[in-house]
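The lines below spell out each chain.
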Amino acid sequence: MKQSTLWLSLLTIFSAHATEEPLAVEDYSLQSAREAKTARWRCASCESESGWFGEVGLGTGYINDDGATRFRNWVPAANDTGMLGIFNADLQYRGEGSRYGALEARDLGMRRFSMSLEQGFYDGARAKIGYSETPFYWNSHGKSVYRSDDAPMAAGALAEFDKEVVRKKLTMGLAYTPKSPWRPYADFSYEKKEATLATYQSSIPGIGSMPGFVPKLVDGSSTTLVKSGISYLGEGWLVDLAYNGSLYRNEETAFYFGSASDPYANERAYEPDNSFHQVSLSGQYNWNRQSLSGRILSSRATSDGNLAAFRQVPITQSDFHGEIDTIQTNAKWVGRFGRDLTLRAGGEYRDRQDNSDKQVVIGKQRQPGDRSHSKANLEADYRLSRSVKVTGGYQYRADEREYADRRKTDEQTLFLKSRYRPVGDLQLGGKLSWSTRDGSEWKNNNTNVSPTLRQFYLANRDRFELRGDLQYAFSEQLSSSLEGWWARANYPEPDIGLSEGEDYGIDLTLNQQFDENLSGHLFSNVQWITSSQNHAYTGAPDWDPYSTRVRDQITTLGVGLSQKKAFDLALELGVDYSFSYGRGQTDASKGYDYPDLTSKQHRLEGYALYQLDEKQSLRWDMRYELYHDVDYLYTGEEYSMGHVNQNYNGYFTAISWLYKF
C-alpha cells in the first residue's frame, strides 16, 4: 500500500517527540518551555579569529641609475649607485566586536616611502596617522655660477647643482560613526617642502651673453590642510556641512643674485603667504526612482606679500594684500522612467570677486580679475533594445571676464553616443560631438600688441570630435579591444594666434590565455597632435606676418607574459617590455628653421615569486630602462647650462623575503 509523504513526515516527527518527556496538553507557556539545543547551530565559516593578519617583506637590492634623474623618479633610491634595503608591511588587526586596526609601510629604505597607522571601531570612533616623503627629480647635471646656499648669491665658477624637490607630509584623521544618523569627521595634514628649483637667466656674470640657470632654494615653506564636517543620513536623503582650509607659509620673501661686486643686482620673489577657507553645504534626496543633489560653496582666498624686500620696484605701500571671494552653487537631477528612459539635468554657477589691492606700484593700476561662470546640461539615455543604448545631450557654458580683451564668451556642445552590447563576443561603442564658441566684441587697449591678436581661450572656435571603440572575443582564450579617436578645432579669425588644432590616434590591446597557468598581453598606441598658429613681428610696420605648424607623434608598443607553476614548481614568473618613441616637428613659413625634438625609451620589468611554504615566499624584482632625448633648446648650450638632455642606461634589482601572518 502506498503511503503519503505528508503522513510519513508526521510519523517521523511524532516518533522523535515520543522519546522525550511529554508536554502537557495545550501548555504553551514560557515557563513550560525547555532550553533549545544549540550545539549544532555554530557557523564555522562565519567565525573570525582575532589578532594581526597580513604580510611583511624585507629585501635588499642594487641600483645604478647612470646619473639620470628620470630613472631616479622611477626607482627613488637614497644613492645613485650601490646597495639598498627595503621594508614593506601591510597588516590588519581584528579584535572583539567591531574593533579593528591597520598598519602599512611602503618602501621604507627608499627616498619615496610612506607609513600609516589606523585604529578604532567600525561602528564608533577611529583615528589614523601617517607620514610620507615624496621626492621628484628634474636634473642633476645643470650648471650655474651661483650657489643656492649663499644669501645673496654671488657669481663664481660654473658648477653642477641638483634640481629636485622633497615633500615631507604628516597626516591625521578622525571619524566617528555613532548609532545614529550623524557622521562627524575631521582630517589634518602638514607638509613641508625642501627643494632647489631654477630660474632662467639670459646672461651670466663673468661669462657673457649666453643662457644659464639661477638656483632657487626653497627650505622654509609649509602647507597645512584642514578638513572637517558632519553628515546626516536620513531615509532617502542626506546632507553634509563641511569646512576646508589651507594655510601656506613661506619664511622667505625674495632671493638676490648678481656679480661678485654687486650680488644684489637682481632679485626674484618667493611665493607669498596665502590662506584659503571654504564652507560648503551639500545634500541629496531620492524619491520614486529620481534623485536631486546639490551643493553651495562660499570661499575666501587671501595672500600677503612683503614688497619692501624689492629695492628696484617703486611701491606705494610696504605690503600687498590679495583677496578673492567666490560663491558657487550646482545642482543635478536624475530621473528614471520605466526600464528604457533616463533623463539628466544639471547646472552650475560661480562668481569670483577680486578685492585685492589695486595700486601698489607707482604709475601702474592693477586691473581686478572679477569673473563669473555658468554651465547647464541636459542628457537622455534611451534603450532601443536589450543590446542597443543611445545617449544624447546638450551642454551650455558662459564665462564673463571683466579684465579680458573679450569680456564674454559662450560655448555650446551637442553630442550623441551609443553602445551595442549583445549577448555574444562583440561590443561596439561610439560618440559624436560638436561644439562652437562665440562671444562679445573684442577690445584691446595695449598699443604694443597687434589689434588682431586672438587669445585661443577667448577666440571663436568650432570643434568636432569622433570616438569609437570595439571589444571582441575571438575565443575563450583570446580577447581584444580597439579604440580610435579624431578631433579637430578651427578658429575662424586666425589673424594672429592659434588657427587650428587636430588630435587623432588609435589604441589596440590583445589578451591571450594560453593555458591554465600562462597568459600574455600586447598593447599599442599611436597618437598624432598638430596645430597651426599665425604670428607677427611687433617691430615691423606691417607686422610682417608668418605662420608655424607643429606636429607631434607618439608611438608606444608593449608586451607582457605571466607564468604560474613554472617548471612544475611553486614559482610564478612575469615580464613586461615597452617601447616608446616621440617626435616633435615645427615648420615655419619664414625665419628660424626649428630642429626636431625626439625621445626614445626602452623599459623592461620582471619578477619571480617562489613559495617556500604556506607562510613564506621569496620574490625577485628587476627594472631596466634605456632612454635618450634631444631638445634643441639645450643642444649646444652644455657649457653654460650643463647636460639637461638625458641619455642613460639605468637598472635596479632586489630580492625580498615575504612572510604572511
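Residues numbered from 1 in each chain as written. Predicted model: local features only at pLDDT ≥ 70, side-chain atom pairs only at ≥ 80, totals over all residues. Heavy atoms only, no water.

Draft legend 1. Expanded view of the nonpolar core. Counting 13 residues, the largest nonpolar core has I63, F71, V75, L84, I86, M110 and F652 as its most contacted members. In terms of residue count, the dominant contributor to this core is strand 29 (residues 647–660) (three residues). Contacts of F652, omitting those with residues within four sequence positions, involve Y62, I63, F71, V75, L84, I86, D621, M622 and R623. Counting twelve residues, the second-largest nonpolar core is a separate cluster that includes Y146, M153, A155 and F257. (Core = buried A, V, L, I, M, F, W, Y, C linked by side-chain atoms within 4.5 Å. Buried < 20%, exposed > 50% of the residue type's maximum accessible area, 1.4 Å probe, protein only. Helix = DSSP H or I, 4+ residues; strand = E, 2+ residues; numbered from the N terminus. Contact = heavy atoms within 4.5 Å.)

Draft legend 2. Quick peek at the pattern of salt bridges. Applying the stated rule across the entire model yields 33 salt bridges. For E191, the salt bridge is made with R167, and the minimal N-O distance between the two is 3.0 Å. Of this pair, E191 sits in strand 8 (residues 182–201) while R167 sits in strand 7 (residues 159–176), and the two are 24 residues apart along the sequence. For E191, a relative accessible area of 17% translates into the label buried. The salt bridge partner of R603 is E625, with a shortest N-O separation of 2.7 Å. Of the two residues, R603 sits in strand 27 (residues 597–611) while E625 sits in strand 28 (residues 616–630), which places them 22 residues apart along the sequence. We classify R603 as partly exposed; its relative accessible area is 22%. The structure contains a network of salt bridges with shared partners spanning R344, E379, D381 and K389. (Salt bridge = Lys/Arg side-chain N within 4 Å of Asp/Glu carboxyl O.)

Draft legend 3. Main features of the environment of N139. On the secondary structure map, N139 appears in strand 5 (residues 125–144). For the pair N139 and N286, spaced 147 residues apart in the sequence, the C-alpha separation amounts to 54 Å. Discounting chain neighbours no more than four positions away, the residues touching N139 are T69, F161, D162, K163, H643 and V644. A distance of 2.6 Å separates a polar side-chain atom of N139 from the backbone nitrogen of H141. (Polar contact = N/O pair within 3.5 Å; in protein donor to acceptor, adjacent residues only side chain to side chain.)

Draft legend 4. Local environment of unusual backbone geometry. The residue after A151, namely P152, is reached through a cis peptide bond having omega 0°. Turning to its location among the elements, P152 is positioned in the loop between strand 5 and strand 6 (153–154). Of note in the backbone geometry, R289 takes a positive phi value of approximately 60° without being a glycine. For R289, the location among the structural elements is in the loop between strand 13 (273–287) and strand 14 (290–306). Backbone geometry at D568 places phi at a positive 55°, although glycine is not the residue there. Note that D568 resides in the loop between strand 25 (546–563) and strand 26 (571–588).

Just geometry here; none of it tells us what the structure is for.
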